[in-house]
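Architecture and fold: a report
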Amino acid sequence: MRATAISEATTNDAAGDAAATVADYLAKQESKSFLRFLTCGSVDDGKSTLIGRLLYDTKLIFEDQLAALERDSRKHGTTGEDIDFALLVDGLEAEREQGITIDVAYRFFATDKRKFIVADTPGHEQYTRNMATGASTADLAIVLIDARQGILTQTRRHSFIASLLGIRHIVLAVNKIDLVDFSQERFEAIRRDYEIFAASLGFRSITAIPLSARYGDNVTQPSANMPWYDGPSLLGLLETVNVDDDLAGKPFRFPVQFVSRPHLNFRGFQGQVASGRVAVGDTVAVAKSGVTTRIKRIVTMAPDGTDLDLDQARDGQSVTFVLADEVDCSRGDMLVDPQAAPVIADRFDARLVWFAERALVAGRQYILRTETDQTAAAIAVLQNRIDISKLEEVKADTLALNDVGTVTIAAQRPIAFDPYRANRATGAFILIDRISNQTVAAGMITAQASGSAGQHRLFDVTQKDRAAIKHQKPAILWFTGLSGAGKSTIANTLERRLHGLGLHTYVLDGANTRQGLNRGLGFDAASRREEVQRIAHVAKLMADAGLVVMASFISPLREERQIARDIAGDNAFLEIFVDADLEDCMQRDPKGFYKLALEGELKHFTGVNEPYEAPDSADVHLRVKGRTPEELAAEIEAALKAKGLL
Amino acid sequence: MNKPLSHLERLEAESIHILREVAATFQRPVMLYSVGKDSSVMLHLAMKAFYPAKPPFPFLHVDTTWKFREMIEFRDRMARERGFDLDVHINQDGVEQGINPFDHGSNTHTHIMKTVALRQALDAGRYDAAFGGARRDEEKSRAKERIFSFRNSSHAWDPKGQRPEMWKIYNTRVGQGESIRVFPLSNWTELDIWQYILAEEIPIVPLYFAKKRPVVERDGMLIMVDDDRMKLQPGEKIEEKMVRFRTLGCYPLTGAIESEADDLPGIVREMLIARTSERQGRLIDRDEAGSMEKKKREGYF
């Protein structure tokens with residue numbers, strides 16, 4: 001923060017050691033974490049004003065900029081005598097004249113804890129593609145809502161597109177709260193409406209904050225006008241929210257950008273590591289041919305212009321690889337982990353956001369471009385269009401400007417990809433019109449396409465049909481917690497209650513799956529991971545059958561639970577953290593396992609000789625101490641109601 | 001290796017990715033080299049991106065003939081030491097008409113000697129992509145511009161019709177005569193630039209460091225008298241002052257600031273307590289709000 005920098009620089013000046021102070025300050029800058037987010041929502045909900053306010057309150061407006069702002073406010077401002085903060089971000093003449101945002105603006109600011117890049121995106125439907133541009137590189141979205149208006153079509157559209165583009169964290173900024181007399185009732189009603197609407201969008205966290213961008217309430221400081229609100233200020237939340245996608249833990253992917261051959265003795269493959277990591281000596285595969293080789297050198301340049309070789313490279317780094325063998329590999333191919341290779345296919349299903357005035361034409365050839373690969377491709381099948389106001393798939397003949405739909409793409413030659421859900425860098429593409437060179441669509445690959453041309457669904461009865469006949473919404477409830485915490489007991493109680501309400505349910509746990517499906521699996525890390533994957537697949541099939549499925553497994557690692565969530569795909573997936581003290585579990589020890597583990601008879605036992613990673617943001621966090629299974633089951637029931645699943 | 005990339009590492013990796021995309025997908029790319037600190041960083045990143053090869057494109061300097069002498073010396077030294085292919089372009093029509101910032105004003109001078117000159121050079125080289133060192137934190141209309149910014153065949157920017165720019169998948173396709181301006185430093189801030197210069201020991205023009213220099217106060221700015229083409233107006237006198245420059249351009253249009261900062265830590269320290277933005281020292285941005293956007297629509301960088 002600029003203000004901090006001043007005090008650091010001046011107070012330490014007495015020591016006369018400016019160089020040391022600066023070095024110290026810069027070291028701090030380097031260690032800060034980083035967040036890219038966007039603001040979106042309907043027109044006039046105050047997005048630009050909010051960013052202007054954030055910049056102003058974090059002291060990032062210079063004097064000359066402030067003077068220009070005051071001048072502009074008098075000329076174009078929409079706020080009477082006050083400063084119009086939106087004019088700080090609306091940088092185009094047409095925007096200032098019309099008082100609207102047309103294109104995305106990128107702004108930079110920092111606090112003591114974090115650096116931020118914020119994309120201020122336009123609210124008008126006609127500029128949706130500019131909103132998508134801002135969302136494609138963001139990890140969090142601030143969805144603004146005018147407290148007087150509540151949820152509007154654009155709120156839904158932007159939330160849906162954010163979800164589609166892989167954003168997993170939402171801040172619901174209920175703005176202009178001053179204009180509804182700081183009403184808690186109004187705020188809670190909007191929050192409830194939104195949570196019901198967004199239940200199926202797969203967000204990992206939704207945090208609602210009541211605020212006034214114009215007057216600064218709850219923007220950087222808690223507001224004295226809303227004593228009923230005890231949550232964080234917007235800035236407080238942005239500084240601390242964890243959006244880590246763990247790209248380093250994913251399989252190694254390296255899209256080759258450029259092959260460098262300065263002389264006969266050097267052939268370098270240049271690019272930026274999309275995910276995972278690799279070390280010198282590791283075996284890698286060329287994705288399309290499957291040919292394997294080893295990493296011989298990882299070359300970069302030292303500041304003085306000489307060789308600087310690395311031992312390892314990780315996600316995000318731009319490097320040059322020298323390979324051990326002369327393999328055939330060029331721009332458009334990928335170097336990958338041979339144990340976890342991407343899909344190679346020329347037919348695949350994808351979600352498309354259509355950007356062009358000219359509507360989609362099925363069968364027409366476009367240029368398909370991934371990060372480094374390019375091929376001719378046609379839309380073989382338009383499966384459906386998404387009706388954004390109801391989040392329903394509807395039959396369609398075409399996609400018009402700003403429509404979203406599901407398609408099957410037929411490419412002229414195979415490309416290497418991962419599902420977008422698993423990897424944002426290797427699962428995305430754009431379509432370019434061959435004549436106009438316009439970018440006409442953004443695509444997110446869901447899976448390799450099965451079946452022949454024109455056949456896009458194997459069975460006539462869909463999940464929706466199966467659920468409708470049961471009058472229920474399918475869901476997967478994933479119970480995680482220590483052994484003996486009471487997961488299966490609570491699941492049992494919940495099932496009894498739901499059954500009583502007429503719901504079709506099923507509980508999966510170790511007892512009924514280790515006898516058959518998972519017979520022979522051990523308890524080591526690899527076996528447990530396999531167990532979680534199998535259970536998740538079974539749960540997904542059951543949800544597809546229309547059931548409410550409860551899975552009760554320790555699933556101690558965050559990564560495993562993420563795998564389960566990924567497998568669940570588009571299904572409603574609730575992580576339920578059954579939070580009990582280890583001592584209490586040991587004392588109860590219903591199966592006698594803790595005793596065995598403590599005596600050394602059981603290896604790999606969570607809580608004794610293996611860690612349990614508690615969820616950061618479970619959908620339901622059950623604190624079991626002193627509470628009955630009935631009370632806890634009722635809490636889950638309430639959460640299902642709040643999400644519109646019951 | 002377990003810790004995530006630092007802020008500068010992330011910026012560097014992103015810029016290198018952009019540089020390589022251009023080299024891989026365009027027929028005739030060129031890097032605009034304006035000799036300033038941002039250009040110095042961009043040159044360094046280009047050396048890094050293609051190492052151990054040299055950058056696979058030429059460098060272009062549009063010389064208005066009014067640049068500081070030290071800039072020209074520095075430019076020629078860098079081209080020699082780094083071994084890059086440098087093309088210097090001057091608008092000879094403008095020279096013959098005697099265009100200069102004193103008689104014709106900053107607008108006309110900049111338009112003819114910089115914007116028109118740039119268009120001439122790009123047309124002559126038939127370049128389909130041109131790197132520029134602009135950053136989004138510099139100015140409001142820059143904050144709106146894509147990293148790959150499309151220009152029509154008359155080099156004009158259409159701010160209301162920009163191509164969507166999704167992820168790191170850039171649409172690099174252009175038709176005959178059209179081109180793309182590419183900004184690898186889009187997401188860098190002024191602080192990042194200085195921090196990187198410090199960390200990577202990147203050479204910069206000495207004008208950035210404070211030194212006693214002959215200056216005249218004119219229109220509220222301190223203008224350095226760099227050669228005898230600058231005529232004093234009544235009441236003006238040349239003073240020796242400790243000054244330095246935050247940005248560099250044509251010397252009659254670039255305001256100096258009084259400063260004692262004669263090394264990099266000193267500059268960073270001054271920047272942290274600065275209360276004005278770096279472009280304040282540029283006469284050409286002050287004419288009116290929106291003047292940068294107007295220039296960009298005409299083909300300025």
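Sequence order as written defines residue numbering, which begins from 1 separately in each chain. Chains and ligands are labelled sequentially in the order written, the chains with letters from A and the ligands with numbers from 1. Local features are withheld for residues below a pLDDT of 70 in this predicted model, meaning they are given only at 70 or higher, and side-chain atom pairs are given and counted only at 80 or more; totals for whole chains, interfaces and linings count all residues. Only heavy atoms go into the side-chain values, all of them from the structure, while hydrogens and water stay out.

Re the overall build of chain B
Across its full length, chain B holds eight helices and 10 strands. Here the globule rule reads 2.2 Å times residues to the power 0.38, and the radius of gyration is calculated from C-alpha atoms. Its C-alpha atoms give chain B a radius of gyration of 19 Å, within 12% of the compact-globule value 19 Å for 301 residues. In terms of overall dimensions, chain B has C-alpha extents of about 55 × 50 × 40 Å along its principal axes. Looking at chain B as a whole, 64% of its 301 residues qualify as buried. Two residues qualify as a contact provided that any one of their heavy atoms is within 4.5 Å of a heavy atom in the partner residue. Across chain B, contacts joining residues at least 24 apart in sequence account for 74% of those joining residues at least 6 apart. Total accessible area on chain B stands at roughly 11100 Å², and carbon and sulfur atoms take up 47% of it. Residues scored as charged are limited to Lys and Arg (positive) and Asp and Glu (negative), so that His and the chain ends carry no count. Just so you know, the charge point we use is NZ for Lys, CZ for Arg, CG for Asp and CD for Glu. Across chain B, the 47 positively charged side chains and the 47 negatively charged ones have centroids separated by 3 Å. By definition, any uninterrupted DSSP run of H or I lasting at least four residues is a helix, any uninterrupted run of E lasting at least two residues is a strand, and each is numbered from the N terminus. Partly exposed describes any residue whose relative accessible area lies between the buried limit of under 20% and the exposed limit of over 50%, with all areas from a 1.4 Å probe on protein chains only and scaled to the type maximum. Only the protein chains shown count as cover for residues, and the accessible areas themselves come from Shrake-Rupley with a 1.4 Å probe.

Details of the pairing of strand E23 (residues 439-448) of chain A
All names here are of chain A. The element E23 is extensively covered by neighbouring structure, given that seven of its 10 residues are classed as buried. Note on pairing: two strands pair once DSSP finds at least 2 bridges between them. By the bridge criterion, seven bridges tie strand E17 (residues 343-354) to E23 in an arrangement that is antiparallel. Bridged to Ala-350 within E23 is Ile-445.

As for helix H8 (residues 184-198) of chain A
Residues and elements named next belong to chain A. By this rule, a helix spans an expected 1.5 Å times one less than how many residues it contains. For H8, built from 15 residues, the straight-helix expectation of 21 Å at 1.5 Å per residue is met to within 8% by its first-to-last C-alpha distance of 21 Å. Every buried residue belonging to H8 is among Phe-187, Ile-190, Tyr-194, Phe-197 and Ala-198, and all of these are buried. When H8 is viewed along its axis, its buried side chains cluster within an angular range of 95° and face the same direction. Each element contacted by the buried residues of H8 is listed here: strand E4 (140-146), helix H7 (153-164), strand E5 (169-175) and strand E6 (205-210). We call two N or O atoms a polar contact when they sit within 3.5 Å, provided that within protein one can donate a hydrogen and the other can accept it, with sequence-adjacent residues counted only if both atoms are side-chain atoms. Between a side-chain oxygen at the N-terminus of H8 and the backbone nitrogen of Glu-185 the separation is 3.3 Å; the capping residue is Ser-183. Of all possible arcs, the one meant is that of the directions from the helix axis to the C-beta atoms.

Quick word on helix H13 (residues 525-544) of chain A
All names here are of chain A. In a regular helix each residue adds 1.5 Å, so 20 residues correspond to 28 Å; H13 covers 29 Å between its end C-alpha atoms and thus fits that length. Within H13, burial applies to Ser-527, Arg-528, Glu-531, Val-532, Ile-535, Ala-536, Ala-539, Met-542 and Ala-543. Gly-546 sits one or two residues past H13 and shows a positive phi near 100°.

Describing the nonpolar core
In this description, a nonpolar core means a group of buried Ala, Val, Leu, Ile, Met, Phe, Trp, Tyr and Cys residues linked to one another through side-chain atoms lying within 4.5 Å. The biggest cluster of nonpolar side chains holds 78 residues, and the ones touching the most others in it are Leu-19, Val-41, Phe-148, Trp-188 and Trp-194 of chain B. Per element, the largest residue contribution to this core is eight residues, and it comes from helix H2 (residues 37-50) of chain B. Excluding residues that lie within four positions of it along the chain, Val-41 of chain B makes contacts with Leu-185, Trp-188, Ile-193, Tyr-196, Ile-197 and Ile-202 of chain B. Phe-108, Val-174, Phe-203 and Val-219 of chain A belong to the second largest nonpolar core, which has 77 residues in total.

Considering the sheet that holds strand E5 (residues 148-151) of chain B
All names here are of chain B. Read across the open sheet, the six strands follow the order E3-E2-E1-E4-E6-E5; overall the sheet is mixed. Looking at the sheet topology across the chains shown, the edges are occupied by strand E3 (86-89) and E5. Adjacent strand axes in the sheet meet at a mean angle of 30°, parallel and antiparallel pairs treated alike. In this sheet, E3 lies alongside strand E2 (residues 59-62) in parallel orientation, the contact comprising four bridges. Residue pairing for E3: His-61 is matched across the bridge by Val-88. Axis definition: a line fitted to C-alpha atoms, limited for helices to the stretch in contact. Angles are taken between N-to-C directions and run from 0 to 180 degrees.

Describing the side chain of His-17 of chain B
Mapped onto the elements of the fold, His-17 of chain B is located in helix H1 (residues 7-25). Within the local environment of His-17 of chain B, its side chain forms a polar contact with the side chain of Glu-371 of chain A, the two groups lying 3.4 Å apart. Leaving out residues up to four positions away in the same chain, His-17 of chain B has contacts with Gln-257, Gln-272, Ser-318 and Glu-371 of chain A together with Lys-168 and Tyr-170 of chain B.

What to know about the interface of chain B and chain A
A common way to state how big an interface is: give the accessible area lost once the parts meet. Every contact between the two is made by 76 residues of chain B and, on the other side, 92 residues of chain A. For the pairing of chain B and chain A, the buried interface totals around 7400 Å² over both sides, and the portion due to carbon and sulfur atoms is 56%. Should a side-chain nitrogen of Lys or Arg be within 4 Å of a carboxyl oxygen of Asp or Glu, the pair is scored as a salt bridge. The tally of links from chain B across to chain A stands at five salt bridges. With a closest N to O distance of 3.1 Å, Asp-103 of chain A and Arg-146 of chain B form a salt bridge. Across the chain B-chain A interface, the total number found is 24 residue pairs in polar contact (both at pLDDT 80 or more). For the side of chain B that touches chain A, the elements supplying multiple residues, two or more each, are H1, H2, helix H6 (190-200), helix H7 (264-273) and helix H8 (291-297) of chain B. No other element matches H1 of chain B, which puts 12 residues into the side of chain B that touches chain A. The quantity reported as buried area is the accessible area (1.4 Å probe) lost by two parts once they are put together, taken as the sum for both.

Topic: the pairing of strand E7 (residues 211-218) of chain B
Residue and element names in this part refer to chain B. Sheet topology note: the E7/strand E9 (residues 239-244) ladder contains five bridges and is antiparallel. Considered in E9, the bridge of Lys-211 is made with Val-243. As defined by bridge partners, E7 adjoins strand E8 (residues 221-224) across four bridges and the pair is classed as antiparallel. Residue Val-216 lies in a different strand from E8, and its bridge partner there is Ile-223. Where E7 folds back on E8, the antiparallel hairpin that results is connected by two residues, among which Asp-219 adopts a positive phi of roughly 50°.

Notes on the pattern of salt bridges
All names here are of chain A. Tallying each qualifying case throughout the model produces 55 salt bridges over all chains. The partner of Asp-387 in a salt bridge is Lys-390, with the nearest N and O atoms 4.0 Å apart. Within this structure, Arg-496, Arg-497, Glu-630 and Glu-637 form a network of salt bridges that share partners.

What to know about the packing of H6 of chain B against H7 of chain B
Residue and element names in this part refer to chain B. At their nearest, the axes of H6 and H7 sit 10 Å apart, and the two run at 165° to each other. Between H6 and H7, the crossing angle belongs to the class labelled roughly antiparallel. Of the two possible hands of crossing, H6 and H7 adopt the one that is left-handed. From H6, Glu-190, Leu-191, Trp-194, Ile-197 and Leu-198 reach across to H7, where they touch Leu-264, Pro-265, Ile-267, Val-268, Met-271 and Leu-272. Residue polarity follows a fixed list, in which Ala, Val, Leu, Ile, Met, Phe, Trp, Tyr, Cys and Pro are nonpolar, Asp, Glu, Lys and Arg are charged, and the others, Gly among them, are polar. When the residues that make up the contact of H6 with H7 are grouped by side-chain class, the tally is 10 nonpolar, no polar and one charged. Any angle from 65 to 115 degrees is called roughly perpendicular, while one under 35 is roughly parallel, one over 145 is roughly antiparallel, and all others are oblique. Each crossing gets its hand from how the near helix is turned against the far one by less than a right angle, where anticlockwise is left-handed and clockwise is right-handed.

A few points about the packing of aromatic side chains
Under the pairing criterion, centres of Phe, Tyr and Trp rings, with the six-membered ring standing for Trp, must be within 6.5 Å; the plane angle then separates stacked pairs below 30 degrees from edge-to-face pairs above 60, leaving the rest tilted. All told, the structure shown has 32 aromatic pairs over all chains when counted by the stated rule. Ring plane angle 85° and centroid distance 6.3 Å describe the contact between Phe-187 of chain A and Tyr-229 of chain A, whose orientation is recorded as edge-to-face. A residue pair is termed long-range when its members are at least 10 positions apart, and Phe-187 of chain A in helix H8 and Tyr-229 of chain A in the loop between E6 and helix H9 (234-240) qualify at 42 residues. Its relative accessible area of 0% is what places Phe-187 of chain A among the buried residues. Since its relative accessible area comes to 14%, Tyr-229 of chain A is described here as buried. Plain terms: the ring middles of Phe-258 of chain A and Phe-50 of chain B are 5.7 Å apart, the flat faces sit at 80° to each other, and that makes the pair edge-to-face. Taken as a pair, Phe-258 of chain A in strand E8 (residues 258-260) and Phe-50 of chain B in helix H2 lie in two separate chains rather than in one. Under the relative-accessibility criterion, Phe-258 of chain A is labelled buried at 18%. Judged by its relative accessible area of 1%, Phe-50 of chain B falls in the buried class. Placement of a charge over a ring requires the Lys NZ or Arg CZ to be within 6 Å of the ring centre, with the centre-to-atom vector within 35 degrees of the ring normal. In this structure, Arg-514 of chain A is placed above the aromatic ring of Phe-523 of chain A, and the distance from its NZ or CZ to the ring centre is 4.3 Å. Taking the ring centre of Trp-66 of chain B as reference, the NZ or CZ of Arg-229 of chain B above it sits at 3.7 Å.

Regarding the environment of Ala-634 of chain A
Residue and element names in this part refer to chain A. By the element assignment, Ala-634 lies in helix H17 (residues 629-642). By relative accessible area, which is 28% here, Ala-634 ends up partly exposed. Along the chain, Ala-634 and Leu-352 lie 282 residues apart, while their C-alpha atoms are 40 Å from each other.

Some points on the confidence of the model for chain A
All names here are of chain A. A score between 0 and 100, pLDDT records how confident the predictor is in each residue. Taken over all residues, the pLDDT of chain A has a mean of 87, while the share at 70 or more is 93%. Ranking the elements of chain A by mean pLDDT puts helix H1 (residues 2-11) last with 37 and strand E7 (residues 253-255) first with 98. Low pLDDT, under 50, characterises residues 1-16; the stretch is placed with 28 contacts to residues that sit more than four places away or in other chains. Across residues 451-457, where pLDDT falls below 50, the model places nine contacts with residues more than four positions away in sequence or in other chains.

Overview of the sheet that holds E9 of chain B
Residues and elements named next belong to chain B. Read around the closed barrel, the four strands follow the order E7-E8-E10-E9; overall the barrel is antiparallel. The sheet shows a mean angle of 75° between the axes of neighbouring strands, taken without regard to direction. Across two bridges, E9 lies against strand E10 (residues 255-258) in antiparallel orientation. Its bridge partner lying in E10, Arg-244 is registered against Ile-257.

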